[in-house]
Amino acid sequence: MDYSKVLQEIKEEIATFKNTGKVATYIPELGKVDPSKFGVYLQCTDGNGYGLGDSLDCFSIQSISKVLSLALALKLKGKEVWKRIGVEPSGDPFNSLVQLEYEKGIPRNPFINAGALVVADILISELENPKEDLLQFVRNIAEDQSVEYDEKVAASEMEHKFRNASLTHLMKDFGNIKNNVDDVLDFYFHQCSIAMNCKQLTQAFTIFLNYGKYDLSKEAAVLDPILAKRINALMLTCGFYDESGEFAFTVGLPGKSGVGGGIVALHPRYYSVAVWSPPLNKNGNSELGMKVLELLTTKTEISVF
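Bear in mind that the values here come from a model prediction, so they are computed numbers and not experimental data.

**Student:** Please clarify how helix α12 (residues 287-300) should be interpreted in this entry.
**Tutor:** An α-helical segment advances 3.6 residues per turn. Residues three or four places apart therefore align on the same side. For α12, which comprises 14 residues, the first-to-last C-alpha distance of 21 Å matches the rise-based estimate of 20 Å (1.5 Å per residue) to within 8%. Taking burial as the measure, the 14 residues of α12 include ten buried ones, the bulk of the element. Listed as buried for α12 are Glu 287, Leu 288, Gly 289, Met 290, Val 292, Leu 293, Leu 295, Leu 296, Thr 297 and Thr 300. Buried residues along α12 sit in contact with α1 (3-13), β1 (39-44), α11 (244-250), β7 (262-267) and β8 (271-276). With a side-chain oxygen lying 3.0 Å from the backbone nitrogen of Gly 289, the N-terminal cap of α12 falls on Ser 286. Remark: Glu 301 follows α12 within two positions and exhibits a positive phi of approximately 55°.

As structure tokens, this is what we get:
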């Protein structure tokens, strides 16, 4: 497959795309990002990589980080994680309190905010230096020691923490948060503030390729095949909140979005791909990013279906 040619065709086709999305402003630091930024990077299992646009510019990965924190939690605790988090699509907004109340503090899946907060709580309990250890894990799987937290974004999130604080307090009341609420929030906001570029993200997500049998990173702690398989399944069914069905329908790949405008998707046998375009649709997913990935699987005729 000539991926370089495919990416150029996509670039030409989206030149006339009318992006109606809006940059996230509920986290003020994210609202400062240039909405015209656009990058794509595709990393193949044969070792070749293909970049386009602003693929080496770093951005706040936000909820994409939930996949990486879950991978670390599963490596540490295995099936114990699923006693505190479900694996079903939510069908509700990512920060919904209603569903959490109804289901007695057990988040529907690890990719809504409540689920990711429980994962954060697990990691705080298991890691000696939680923020430092998570960052080092991400650096290792990305094979890049320059990856850092964006402290301005983390501080901005903490200043506007009220909805996430409500979720955490509610789960604390149900007994599903073990640590201090502010400690959980601080860890979670730092996790979401991790700044990476498209190339680094595709490298980090190689741990999910070929169900753990393939990994471009020599130093990364490779996931057991069963864990990579389970996480890929969750990305396919829950990776885009209440638009997960639409992404599976139009793109046909496991993936995860973030309100920083990034999307990472992968085909377990062939590649991982990251797209960055800050304007979001009404569901909080990159509008242009969704279109680019739809074009990618349409033109290559490669999806998981």
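**Student:** How should the environment of Val 147 be read in this particular structure?
**Tutor:** Inspection of the secondary structure assignment puts Val 147 in the loop between α5 (130-142) and β4 (148-149). Owing to a relative accessible area of 1%, Val 147 belongs among the buried residues under this scheme. Separated by eleven residues in the primary sequence, Val 147 and Gln 136 place their C-alpha atoms 8.7 Å from one another.

**Student:** In this structure, what is going on with the sheet that holds strand β5 (residues 194-196)? I would like to understand it.
**Tutor:** Strand pairing in a sheet takes place through backbone hydrogen bonds and is either antiparallel or parallel in direction. Read from one edge to the other, the open sheet built from three strands follows the order β3-β5-β4, with strand pairing classed as antiparallel. At either margin of the open sheet sits one strand with a lone partner, and together these are β3 (59-60) and β4. Bridge count between β4 and β5: two bridges; the pairing is antiparallel. Counterpart to Glu 148 in the pairing with β5 is Ala 195.

**Student:** What exactly am I supposed to notice about the sheet that holds β1 here?
**Tutor:** Taken in spatial order, the five strands make up an open sheet running β2-β1-β8-β7-β6, and their pairing is antiparallel. For this open sheet the edge positions go to β2 (49-53) and β6 (255-257), each flanked by a neighbour on one side alone. Neighbouring strand axes in the sheet, compared pairwise and without regard to direction, differ in orientation by 5° on average. Against the sheet, α12 makes contact with β1, β7 and β8, and its axis sits at roughly 150° relative to β8, the strand it touches most.

**Student:** Would you mind going over the environment of Tyr 188 with me for this structure?
**Tutor:** Within the secondary structure layout, Tyr 188 lies in helix α8 (residues 181-193). Residues Tyr 188 and Pro 110 lie 78 residues apart in sequence; the distance between their C-alpha atoms is 13 Å.

**Student:** Where do I start with the side chain of Gln 191 in this structure?
**Tutor:** Counting through the fold element by element, Gln 191 comes out in helix α8. Taking relative accessible area as the criterion, Gln 191 reaches 0% and is therefore assigned buried. Looking at Gln 191, its side chain comes within polar contact range of the side chain of Ser 69, at 3.5 Å.

**Student:** How should the packing of aromatic side chains be read in this particular structure?
**Tutor:** The description of an aromatic ring pair uses the distance of the two centres, along with the angle that the planes make with each other. Taken as a whole, this structure holds six aromatic pairs when the rule is applied. Measuring from ring centre to ring centre gives 6.0 Å for Tyr 3 and Tyr 50, while their planes differ by 50°; the resulting arrangement is tilted. Taken together, the positions of Tyr 3 in helix α1 and Tyr 50 in strand β2 put the pair 47 residues apart, joining distant regions of the chain. Look at Phe 240 and Phe 247: their rings are 3.8 Å apart centre to centre, the planes differ by 20°, and that puts the pair in the stacked class. Assessed through its relative accessible area of 0%, Phe 240 is described here as buried. Phe 247 sits in the buried class, given a relative accessible area of 1%.

**Student:** In this structure, what is going on with the environment of Leu 209? I would like to understand it.
**Tutor:** When you line up the elements, Leu 209 lands in the loop between α9 (198-204) and α10 (225-238). Along the sequence, Leu 209 and Tyr 271 sit 62 residues apart, while their C-alpha atoms lie 7.3 Å from each other.

**Student:** Please explain unusual backbone geometry as it appears in this structure.
**Tutor:** Of all residues except glycine, most have a negative phi; of all peptide bonds, most are trans. A positive phi angle, near 50°, is found at Gln 62, a position not held by glycine. Here Gln 62 lies in the loop between β3 and α2 (65-77). Backbone geometry places Tyr 241, a non-glycine residue, at a positive phi of 55°. Inspection of the secondary structure assignment puts Tyr 241 in the loop between α10 and α11. On the basis of relative accessible area, Tyr 241 is assigned to the buried category, the value being 5%.

Calculation rules
Residues numbered from 1 in each chain as written. Predicted model: local features only at pLDDT ≥ 70, side-chain atom pairs only at ≥ 80, totals over all residues. Heavy atoms only, no water. Helix = DSSP H or I, 4+ residues; strand = E, 2+ residues; numbered from the N terminus. Expected span 1.5 Å × (residues − 1). Buried < 20%, exposed > 50% of the residue type's maximum accessible area, 1.4 Å probe, protein only. Contact = heavy atoms within 4.5 Å. Polar contact = N/O pair within 3.5 Å; in protein donor to acceptor, adjacent residues only side chain to side chain. Pairing = 2+ DSSP bridges. Axes fitted to C-alpha atoms, helices over the stretch in contact; angles between N-to-C directions. Phe/Tyr/Trp six-rings, centres within 6.5 Å; stacked < 30°, edge-to-face > 60°.

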